[in-house]
Amino acid sequence: MIIERKSKVNLPDLTEQDGHLFQSSREDARTSLIKLAQTMQIYNGAMKVVSAKLELLDDEFQFSNKHNPIHHLEYRIKSPLSIGKKLQKYGLPLTVEAARERVLDIAGIRVICNFLDDVYAVEKMLLQQADVTLVKRKDYIEQAKANGYRSLHLVVKVPIFLSGSTEEIPVEIQLRTVAMDYWASLEHMLRYKNKDSDTQQYAAMLLDCAATLADTEKKMLFIRQHIEE
Ligand code: GTP
Ligand code: MG
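Criteria and cut-off values
Residues numbered from 1 in each chain as written. Chains lettered and ligands numbered in written order. Predicted model: local features only at pLDDT ≥ 70, side-chain atom pairs only at ≥ 80, totals over all residues. Heavy atoms only, no water. Axes fitted to C-alpha atoms, helices over the stretch in contact; angles between N-to-C directions. Helix = DSSP H or I, 4+ residues; strand = E, 2+ residues; numbered from the N terminus. Left-handed = near helix turned anticlockwise from the far one by under 90°. Contact = heavy atoms within 4.5 Å. Nonpolar A, V, L, I, M, F, W, Y, C, P; charged D, E, K, R; others polar. Salt bridge = Lys/Arg side-chain N within 4 Å of Asp/Glu carboxyl O. Buried < 20%, exposed > 50% of the residue type's maximum accessible area, 1.4 Å probe, protein only. Near = heavy atom within 4 Å. Polar contact = N/O pair within 3.5 Å; in protein donor to acceptor, adjacent residues only side chain to side chain. Areas by Shrake-Rupley, 256 points an atom, 1.4 Å probe, with all protein chains shown as cover. Pairing = 2+ DSSP bridges.

Draft legend 1. Geometry of the packing of helix α2 (residues 27-65) against helix α5 (residues 116-127). At a minimum axis separation of 10 Å, α2 and α5 run at an interaxial angle of 115°. Crossing of α2 against α5: the hand is right-handed. For the pair α2 and α5, the contacting residues are K53, L54, L57 and F61 in the first and D118, A121, V122, M125 and L126 in the second. Classifying every residue of the contact of α2 with α5 gives seven nonpolar, no polar and two charged.

Draft legend 2. Here's a closer look at the pattern of salt bridges. For the coordinates displayed, the defined rule picks out 15 salt bridges. When the shortest N-O distance is used, the salt bridge between R110 and E74 registers 4.0 Å. Of this pair, R110 sits in strand β3 (residues 107-113) while E74 sits in strand β2 (residues 70-77), and the two are 36 residues apart along the sequence. The exposure class of E74 is buried, given its relative accessible area of 13%.

Draft legend 3. Highlighting the site of ligand 1. Taken together, 17 residues form the shell around ligand 1, and within it K86, K138, Y140, K145 and E187 come nearest. One nitrogen or oxygen atom from the side chain of K86 is found 2.5 Å from an oxygen atom belonging to ligand 1. One nitrogen or oxygen atom from the main chain of A184 is found 3.2 Å from a nitrogen atom belonging to ligand 1. Protein burial of ligand 1: of its 620 Å² of free accessible surface, 77% is covered by the chains. The set of elements that each furnish at least two residues to the shell around ligand 1 consists of α3 (80-89), β4 (133-139) and α6 (178-193). Broken down by element, the shell around ligand 1 gets its largest block of residues, four residues, from α6. In terms of residue class, the shell around ligand 1 is built from four nonpolar, four polar and nine charged.

Draft legend 4. Structural context of the pairing of β3. Counting buried residues along β3, six of its seven residues qualify, which places the element largely inside the surrounding structure. As paired strands, β2 and β3 are joined by seven bridges and run antiparallel to one another. Bridge assignment links E74 to a residue of β3, and that residue is R110. Pairing analysis gives six bridges linking β3 to strand β6 (residues 166-177), with the strands arranged parallel. By the bridge assignment, V111 is partnered in β6 with L175.

Right, here's the structure in full:
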């Protein structure tokens, strides 16, 4: 199952927007916007390519091991507003070039796995592929963040074949178990939907929940491995 959080952009709409969108802008702003839309299109392609790879790996694993490592996938393209905020945070110019060079999570995939060992099995199978290059890896499962957040973060590059060229495009992949996703969703809700103070107020409880979930999923993995034997 794939869950896509979608915002669609297209070239005809952008070029026909002169009426209001470009009223006060100059020609170069218009060119930048079109370049941005084309970039988003290519990143969307990379996101679909990596998702298709993950789905195929899930099917193949199921065929040989009689269980699916992936519970479901979610993907999203970062909005131009969020890309702009990140560039500002890094003190970089608001250009498409800077975004392509420095914002590695324009295309993002979240892989929610059934069990702890599935996370590493999926990582290994994906990184073995000849056209997948690892750019960055952070293992917050081995070393959880101070707040209790756990997930395996990868940035990989894949080639995207366009009509006149081939480009290596980065895709951020967050691999986590159902339990880790359950925890991260609540923590995210407290942090972004409400106020930072809520996260502060519940910090100790959240940390405790993270430890309980980590312990529970270790036991559940133990049970599954024994059932399989
Ligand atoms: P940024 O992308 O600017 O945050 O820097 P980074 O790429 O070094 O960050 P990192 O790889 O640590 O985390 C990137 C993403 O992981 C975030 O956008 C979140 O989706 C997720 N993430 C990281 N830390 C937390 C956390 O403490 N709680 C939750 N809910 N999600 C987190
Ligand atoms: Mg990031």
